Every structure is written in structure tokens, then in C-alpha cells.
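# Structural overview for review
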Amino acid sequence: MRLIITLALISLLSGCSLTPPKFDNNEYYIVARIDAISKLMHDECGNRQRVEQYIEQLKLESQTLSTYTFYLPHHTDLFEISKILVEDVDELSAKYQQNKEPSLEYCKLKTQSISLKVRRTLQTIGNLGE
Amino acid sequence: MSDQSFLPYTHDDDALIAQTARVLHDAEQAYNYGQITKEEFEELANDVIQTNLIDKITDSIDYKHRAHQVVQAFIQIVQLILAR
């Protein structure tokens, strides 16, 4: 009996150090929106006006994710991911703010790259709901 | 990859690696054909590193989640034994 209690206590302690973030509907929704926006943007890379609108949306969503995860307990990992996404969107935004004409291929590859990161994140957040 | 059988999750590291490699390959091709600038290519190449970083972070979350589930199951078993 003593052994069982000891094992239970050890498990509890180790469990505390491995506390994963809890599934959060809002978080999942924001990340899904980032994926949807980057997909739509990918299809309209030739239209600068639309691209700029999508970039504004991406900025809002990625910044929202960053602020949202920052204040949630056990969401440090997801906050780190949000920082990468914010950085990505900032790079994209900078390209279109310098009055240059970024290439069509750059736009397509950059949005693909964002989508890859976001989809991997969606899978993980989704798994937390199991 | 090799952990795929251990984790009951719906993610495929091999697919992500393949897709990331494809983006890098396409970026290389675009740069070689002059479709993107050197600066754009470097940014896209750096994105590959960032994608790998995200993969590591998400793997860590997956493992924590899995370990937490195992611990929870174990605690339930112990509680059942103690309740008898």
C-alpha cells in the first residue's frame, strides 16, 4: 500500500511538471482564421490591393493570438509559436510597405510557408481536445 | 516519424518535412529563374528553420499532453485500488 501511495505521489508531481496547455476554442479559431486568410491570399497574390487587405487581417489575427496566449497559464509554447507567426506577417507586411513590388512567387511561397506552420499548430491544438 | 506509433495524434512529421522541403525547393527554383530576389529567397529559406522550430514546439506540446494523459490514467487506477 505504501508503495502504491508513493508511486501515486511521484506520478502527481511529475504530472504537474508536464502540464500541457488546455484545449481552447478561441485559440483554435484564431489559428484556423490565420490559415484561411493565408490560403485566400495565396489565391489572390496577383492583386496587390487584396493582398494588402489580407496582410492587415493577418496582422490583426496573429497579434490577437500573441496577446491571447501570453496571459493564459501553461500556454508559453503556443505564445512562442504566435511570436514566430507575428514575425512572419511583419516580414510580409514590410515587403509591401516599402513601395516595392514583391514578386508573385514570393507572395505564393510566403503564404504557403505560413500555412504549413499554422496547420501543424492546428493539429496540435486539436489534439489537446481529445 | 519513429514516434508515430506511440502517439495517437493526427500529425505526420514526414509530410510536414516533405512540404517544407518542397517550399524550399520551389524558392530555389524561383531564385534561379530570377522570379524572386536574393533577399526574398533568404527570407523564405529562414522560414524553413522557423517551421522546424514550430514542429519541435508542437512535438513538445504533444508529448506533454500524452504524458499528462498517462499520469491521469495511472492516478485513476491507483484511486480505484485504494477505494477497494
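Conventions used here
Residues numbered from 1 in each chain as written. Chains lettered and ligands numbered in written order. Predicted model: local features only at pLDDT ≥ 70, side-chain atom pairs only at ≥ 80, totals over all residues. Helix = DSSP H or I, 4+ residues; strand = E, 2+ residues; numbered from the N terminus. Buried ≥ 20, exposed ≤ 12 C-beta atoms within 10 Å, placed from the backbone. Contact = placed C-beta atoms within 7 Å. Core = buried A, V, L, I, M, F, W, Y, C linked by C-beta atoms within 7 Å. Expected span 1.5 Å × (residues − 1). Nonpolar A, V, L, I, M, F, W, Y, C, P; charged D, E, K, R; others polar. Arc of directions from axis to C-beta. pLDDT = per-residue confidence, 0-100. Axes fitted to C-alpha atoms, helices over the stretch in contact; angles between N-to-C directions. Parallel < 35°, antiparallel > 145°, perpendicular 65-115°, else oblique. Left-handed = near helix turned anticlockwise from the far one by under 90°.

### Focus on the overall build of chain B
In terms of regular secondary structure, chain B is built from two helices and zero strands. Looking at chain B as a whole, 24% of its 84 residues qualify as buried.

### Section: the overall build of chain A
From N to C terminus, chain A includes five helices and zero strands. Ordered by position in the sequence, the α and β elements of chain A form the string α-α-α-α-α. Of all 130 residues assigned to chain A, the portion counted as buried reaches 38%. Looking at chain A alone, contacts between residues at least 24 apart form 72% of all its contacts between residues at least 6 apart.

### A short note on the nonpolar core
Of all hydrophobic cores here, the largest spans 35 residues; its most connected members are I34(A) and A27(B). For this core, the secondary-structure elements that each account for two or more residues are α2 (25-43), α3 (48-70), α4 (76-97) and α5 (104-128) of chain A together with α1 (13-32) and α2 (38-83) of chain B. Per element, the largest residue contribution to this core is eight residues, and it comes from α5(A). The contact partners of I34(A), leaving out residues within four places of it in the chain, are L58(A), E61(A), S62(A), L85(A) and V118(A).

### A short note on α4(A)
Its 22 residues give α4(A) an end-to-end C-alpha distance of 31 Å, which sits within 8% of 32 Å, the value for a rise of 1.5 Å per residue. Buried residues along α4(A) sit in contact with α2, α3 and α5 of chain A together with α2 of chain B.

### Comments concerning the interface of chain B and chain A
With 35 residues of chain B in contact, the opposing surface of chain A contributes 31 residues. For the side of chain B that touches chain A, the elements supplying multiple residues, two or more each, are α1 and α2 of chain B. Considering each element in turn, the side of chain B that touches chain A owes the most residues, 23 residues, to α2(B). Its residues placed into classes, the side of chain B that touches chain A shows 17 nonpolar, 11 polar and seven charged.

### A word on α2(A)
Residue and element names in this part refer to chain A. Helix length check: α2 (19 residues) gives 27 Å between terminal C-alpha atoms against 27 Å at 1.5 Å per residue, within 8%. Of all the positions in α2, only E27, I30, V31, I34, I37, S38 and M41 are classed as buried. Here the buried residues of α2 occupy an arc of 120° about the axis, which is enough to place them on one side. Within α2, the exposed residues directed more than 90 degrees away from the buried face are N25, Y29 and D43. The inward-facing, buried residues of α2 contact α3, α4 and α5.

### Details of the environment of L116(A)
For L116(A), the position within the fold is in helix α5. The class for L116(A) is buried, based on 24 C-beta atoms found within 10 Å. Sequence separation between L116(A) and D35(A) is 81 residues, and the spatial gap between their C-alpha atoms is 8.6 Å. Excluding its chain neighbours within four sequence positions, the residues that come into contact with L116(A) are L16(B), Q19(B), T20(B), V23(B) and T51(B).

### Side note on the confidence of the model for chain B
Residues and elements named next belong to chain B. Mean pLDDT over chain B stands at 85; residues scoring 70 or higher make up 86%. Scored below 50 in pLDDT, residues 1-8 shows four contacts in the model against residues more than four places distant or in partner chains. Of the two predicted TM-score estimates for the complex, the pTM is 0.83 and the ipTM is 0.82.

### Examining the packing of α5(A) against α1(B)
Following both chains from N to C, one finds α5(A) and α1(B) inclined at 170°, their axes separated by 10 Å at the closest point. Taken together, α5(A) and α1(B) sit at an angle that is classed as roughly antiparallel. With respect to the hand of their crossing, α5(A) and α1(B) are arranged in left-handed fashion. Contacts from E105(A), L109(A), Q112(A), S113(A), L116(A) and R120(A) in α5(A) reach L16(B), Q19(B), T20(B), V23(B), D26(B), A27(B) and A30(B) in α1(B). Per-class residue counts for the contact of α5(A) with α1(B) are six nonpolar, four polar and three charged.

### Considering unusual backbone geometry
All names here are of chain A. Positioned with a positive phi, H74 is a non-glycine residue whose angle comes to about 65°. Tracing the backbone shows H74 in the loop between α3 and α4. Judged by local crowding, H74 falls into the exposed class, with 12 C-beta atoms found within 10 Å.

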